[in-house]
Amino acid sequence: MTCMHSALASARSVCNWHPDMRAFTEWPVEVPETDTPPLKVPAVSQVETLSCSDAELTRPLVQSIKAAANEGHWIQTYTEEQVGRHFLANYGYFELVGPKGHFHSNHLRAFVAYWGAGLKYDWHHHEAEEIYLCLAGGATFYADGRAPVKVSPGKAVFHASHQSHAMMTTDQPILTLVLWRGAGLAGLPRMDNA
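These numbers were taken from a predicted model, which means no experiment stands behind them.

Draft legend 1. Focus on the overall build of the chain. A tally of regular secondary structure across the chain gives 6 helices and 11 strands. The C-alpha radius of gyration computed for the chain amounts to 15 Å, which stays within 12% of the reference 16 Å derived for 194 residues, consistent with globular compactness. The principal-axis extent of the C-alpha atoms belonging to the chain is close to 40 × 35 × 30 Å. Pairs at least 24 residues apart make up 71% of the contacts formed inside the chain by residues separated by at least 6 positions. Accessible surface computed for the chain: about 8,800 Å², of which carbon and sulfur atoms make up 53%.

Laid out in structure tokens, this is it:
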């Protein structure tokens, strides 16, 4: 079993026991492996050394992600002009499950996403509905029509279709498992000022 298979098994387990994740969507039964090559971004080294001392409930998934970090096809949706060089040096994600993921599904997208400390992920939106589960670290999430929400390991936050939202890390990074469902599943986020 590869490290990516372990990450998949751990993600499935977390989504099956966490009530918010389980209510968001049913994990697909069949997720065939794809031939997705590894691709690194600068933040991969931060993920590999990430502390998960505060992540009792999510520690198995965090450890699996750290072990699989070099196998991940890490990408960045945004350009330096949109978010700046510092942001890009401390951010990245890979699609674990989905139309372009390491494991294929047209029903669900499951991303592993990381933001380093001191980052502002500016206001953006997308058609697909989304739920973030904080795996390690923490951040404050903002969304239209809702008070700011501080998340820590094991806490989830939901965004409706086209609901503008943003996130800010302060003195610690955040590692998340992000699920998308519904219309726009194959789309990408768009910055609100783009």
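Past the structure itself, the notes keep going.
Draft legend 2. Representation of the sheet that holds strand β8 (residues 156-159) in the model. Ordered in space as β2-β1-β3-β10-β5-β8, the 6 strands form an open sheet in which the pairing is mixed. Strand pairing shows two members of the sheet lacking a second neighbour, β2 (103-104) and β8, which therefore form its edges. Packed on one face of the sheet, helix α1 (residues 3-17) meets β1 (91-98), β2, β5 (129-137) and β10 (174-181) and runs near 80° to β1. Sheet strands touched by helix α4 (residues 59-68): β3 (109-115), β5 and β10. Its angle to β5, the strand with the most contacts, is close to 90°.

Draft legend 3. Quick look at the layout of surface pockets. Taken as a whole, the largest pocket spans an internal volume of roughly 170 Å³. What lines the largest pocket is simply Thr36, His73, Ile75, Tyr93, Glu95, Lys100, Gly101, His102, Arg109, Ala186 and Leu188. Class assignment of the residues belonging to the lining of the largest pocket gives a composition of 4 nonpolar, 4 polar and 3 charged.

Draft legend 4. Seen up close, the sheet that holds strand β4 (residues 120-125). Spatial ordering of the open sheet is given by β7-β6-β9-β4-β11, a layout of 5 strands whose pairing is antiparallel. Strands with a single pairing partner mark the edges of an open sheet, and in this sheet they are β7 (146-151) and β11 (190-191). As judged from the 4 bridges shared by strand β6 (residues 139-143) and β7, these two strands associate in the antiparallel manner. Residue pairing in the sheet places Thr140 in a bridge with Lys150 of β7.

Draft legend 5. Expanded view of empty space enclosed by the protein. Throughout the structure, instances matching the rule amount to 1 cavity of 30 Å³ or more. In this structure, the largest cavity encloses a volume near 160 Å³. Along the wall of the largest cavity there are 16 residues; nearest its centre are Tyr93, Phe111, Tyr121, Trp180 and Pro189. Looking at the lining of the largest cavity, the elements with two or more residues in it are β1, β3, β4, β5 and β10. Take the lining of the largest cavity: its biggest share by element is 4 residues, from β3.

Draft legend 6. Quick peek at α1. Counted at 1.5 Å a residue, the expected span for α1 with its 15 residues is 21 Å, and the 21 Å between its end C-alpha atoms agrees. For α1, the set of buried residues is Met4, Ala7, Leu8, Ser10, Ala11, Val14 and Cys15.

Draft legend 7. Structural detail: the packing of α1 against α4. One way to put it is that α1 packs onto α4 with a least axis distance of 8 Å and a crossing angle of 155°. It follows from the interaxial angle that α1 and α4 lie roughly antiparallel. Once α1 is placed against α4, the crossing between them reads as left-handed. The residues of α4 that touch α1, namely those facing Cys3, Met4, Ser6, Ala7, Ser10, Ala11 and Val14, are Pro60, Leu61, Ser64, Ala67 and Ala68. Taken together, the residues of the contact of α1 with α4 sort by class into 9 nonpolar, 3 polar and no charged.

How each quantity is defined
- Residues numbered from 1 in each chain as written.
- Predicted model: local features only at pLDDT ≥ 70, side-chain atom pairs only at ≥ 80, totals over all residues.
- Heavy atoms only, no water.
- Helix = DSSP H or I, 4+ residues; strand = E, 2+ residues; numbered from the N terminus.
- Rg over C-alpha atoms; globule rule 2.2 N^0.38 Å.
- Contact = heavy atoms within 4.5 Å.
- Areas by Shrake-Rupley, 256 points an atom, 1.4 Å probe, with all protein chains shown as cover.
- Pairing = 2+ DSSP bridges.
- Axes fitted to C-alpha atoms, helices over the stretch in contact; angles between N-to-C directions.
- 1 Å grid on protein atoms, 1.4 Å probe; cavity = no way out; pocket = protein on both sides within 12 Å on 5 of 7 lines; lining within 4 Å.
- Points joined across faces, edges and corners; volume = space filled by probe spheres on them.
- Nonpolar A, V, L, I, M, F, W, Y, C, P; charged D, E, K, R; others polar.
- Expected span 1.5 Å × (residues − 1).
- Buried < 20%, exposed > 50% of the residue type's maximum accessible area, 1.4 Å probe, protein only.
- Parallel < 35°, antiparallel > 145°, perpendicular 65-115°, else oblique.
- Left-handed = near helix turned anticlockwise from the far one by under 90°.

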